[in-house]
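# Understanding the architecture of this molecule
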Amino acid sequence: MAVDDVVLVTGGTGFIGFRTLRYALEEGYTVRAAVRSEAKAETIRRNSTLSSIKDLSSKLSFTIVPDFLADGAFDEAVKGVKYVLHVASPLTTGFTVTDDLEAGIIKPAVQGTLGLFESAKKESSVKRIVVTSSMVAIPPIAVLIGQQASEHVFSPKDRAHDVPGPYPAVIVAYVQSKIAALKEGEAWVEKHKPQFDVIHIHPSYVGGRNDLAQTVEELCTGTNPIFLESVLGKDSDEYPGPRVANYIDVDDVAKAHVLSLSEKVAGGQSFLLTNEGGDMKWNDAQAIAKKHFPDAVKSGPLPNDFAEQQFMVLHCDISKTEETFGKIKSYEETIKALVGQYLELKEKAM
């Protein structure tokens, strides 16, 4: 890495994106964050966790891209950039099954990725793009939602088949958005053979401390509620029913994105970020909370009484991931950090 290597980061105002942006700065990269507005840029600038970054003002800049889906949206953003960390992708927030999920979630996920690729192709300085995909793009949807048992050990080379609409739940459309973006992205690279290579990162359910969250409500968004529900005694509305017992800490996701920029890591491959499967249950969070926060469990902020959640085991080969990026954090470390922040914010609000 040269001191003047510039990394473009999309999605920097999101849970994964902000932690990835911060990790890139901590590793010494010069970061250009693509945001939709000046207000979004200010959200990043004022975050206290960046205060320890040496020479922050010269290491972090912003480029305003109001519409990520517009033709040539990233043409200016990629100028002089060597690497891109493409974390931005449509989420399920605000959608219902009666909405046009194809237009609202699936097509934007594909167009956002391909549009970025097209812009990067025009800029000879771009050498690598790391894309945030998802573990949901790996196994068949029937296995993912518990309709079909599988003893198959899934690897980063596996690919899920398309899930046709209409979609019975918004989260299923999200799954298809990740499948389609991966499929179309890989096909684009194969067809155009650009001067840059691409690495895909496939996280499972992502949990951990969210340094953008200033309130309990902000902390309990995205997939963090899945990690907290057995401790807080309530079900996660957006992810009902049985789910796979697979997790990854947000710190590990950020680390994998940034370390993927190294020339020691070959391009044109994927990494599965999750536990191996069968080594944890979601309700293990209760014992962890009781161990590390006994007073909060005893006095009431942590009810710690949610009934055992239904879950399935998805077996995964993460040997390449840990050989490349190091051992992933334990479920205990993730729960301790997350519940600790929950209690901090709860006390702050009192």
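Provided above is the structure to which this section pertains.
Residues numbered from 1 in each chain as written. Predicted model: local features only at pLDDT ≥ 70, side-chain atom pairs only at ≥ 80, totals over all residues. Heavy atoms only, no water.

### Considerations on the overall build of the protein chain
- The secondary structure content of the protein chain amounts to 13 helices and 11 strands.
- If one aligns the C-alpha atoms of the protein chain with their principal axes, the spans along those axes are about 60 × 45 × 40 Å.
- Within the protein chain, the fraction of its 350 residues that count as buried is 52%.
- Surface accessibility of the protein chain: about 15800 Å² in total, with carbon and sulfur atoms responsible for 52%.
- Distance between charge centres in the protein chain, computed from 37 positive and 47 negative side chains, equals 4 Å. (Helix = DSSP H or I, 4+ residues; strand = E, 2+ residues; numbered from the N terminus. Buried < 20%, exposed > 50% of the residue type's maximum accessible area, 1.4 Å probe, protein only. Areas by Shrake-Rupley, 256 points an atom, 1.4 Å probe, with all protein chains shown as cover. Lys, Arg positive; Asp, Glu negative; His and termini not counted. Charge placed at Lys NZ, Arg CZ, Asp CG, Glu CD.)

### Remarks on helix α8 (residues 224–232)
- Most of α8 is tucked away, with nine of its nine residues classed as buried.
- When α8 is considered as a whole, its buried residues turn out to be N224, P225, I226, F227, L228, E229, S230, V231 and L232.

### Topic: the pattern of salt bridges
- This structure, assessed with the given rule, holds 17 salt bridges.
- One salt bridge connects E186 with R159, and the closest N-O pair in it is separated by 2.8 Å. On the criterion of sequence distance, the pair formed by E186 in helix α6 (residues 170–192) and R159 in the loop between α5 (141–144) and α6 is long-range, its members being 27 residues apart.
- Under the relative-accessibility criterion, E186 is labelled partly exposed at 32%. (Salt bridge = Lys/Arg side-chain N within 4 Å of Asp/Glu carboxyl O.)

### A few points about the packing of aromatic side chains
- Enumeration according to the criterion identifies 11 aromatic pairs in this entry.
- Pairing W282 with Y331 gives two aromatic rings, centres 6.0 Å apart and planes at 75°, and the pair type is edge-to-face. Placement of W282 in the loop between β10 (270–273) and α10 (284–292) and of Y331 in helix α13 (residues 331–349) is noted, with a sequence separation of 49 residues between them.
- What makes W282 buried here is its relative accessible area of 1%.
- Its guanidinium or amino end placed over the ring of F68, R36 lies 4.0 Å from that ring's centre, counting from NZ or CZ.
- Above the face of the F271 ring, K320 is positioned so that its terminal group lies 4.8 Å from the ring centre. (Phe/Tyr/Trp six-rings, centres within 6.5 Å; stacked < 30°, edge-to-face > 60°. Lys NZ or Arg CZ within 6 Å of the ring centre and 35° of its normal.)

### Quick look at a negative patch on the surface
- A contiguous patch of negative charge, built from E276, D279, D317 and E323, is present on the exposed surface.
- Examined against the element boundaries, E276 turns out to sit in the loop between β10 and α10.
- Taking the relative accessible area as the measure of exposure, E276 reaches 48% and is therefore partly exposed. (Patch = residues over 30% accessible without salt bridge, like charges linked within 9 Å, V, L, I, M, F, W, Y side chains within 5 Å.)

### Side note on the packing of α8 against α13
- At a minimum axis separation of 10 Å, α8 and α13 run at an interaxial angle of 80°. By the angle between their directions, the pair α8 and α13 is classed as roughly perpendicular. Between α8 and α13, the contacting residues are N224, F227, L228 and L232 on the first element and Y331, T334, I335, L338, V339 and Y342 on the second.
- Of the residues that constitute the contact of α8 with α13, the class distribution is eight nonpolar, two polar and no charged. (Axes fitted to C-alpha atoms, helices over the stretch in contact; angles between N-to-C directions. Parallel < 35°, antiparallel > 145°, perpendicular 65-115°, else oblique. Contact = heavy atoms within 4.5 Å. Nonpolar A, V, L, I, M, F, W, Y, C, P; charged D, E, K, R; others polar.)

### Observations concerning the environment of A337
- Mapping A337 onto the fold places it in helix α13.
- The spacing of A337 and D55 is 282 residues in sequence and 28 Å in space, taken between C-alpha atoms.

### Digging into the sheet that holds strand β6 (residues 197–203)
- The strand order across the open sheet built from seven strands is β3-β2-β1-β4-β5-β6-β10, with neighbouring strands paired in parallel fashion. The two strands at the open ends of the sheet, each matched to only one other strand, are β3 (60–64) and β10. Each adjacent strand pair in this sheet contributes to an overall mean axis angle of 20°, direction not counted.
- Sheet strands touched by helix α1 (residues 15–26): β1 (6–10), β2 (30–35), β3 and β4 (83–86). Its angle to β2, the strand with the most contacts, is close to 160°.
- Sitting on the sheet, α6 touches β5 (128–132), β6 and β10, and the angle it makes with β6 is about 165°. (Pairing = 2+ DSSP bridges.)

In short, the description is geometric, and any link to function would need to be established separately.
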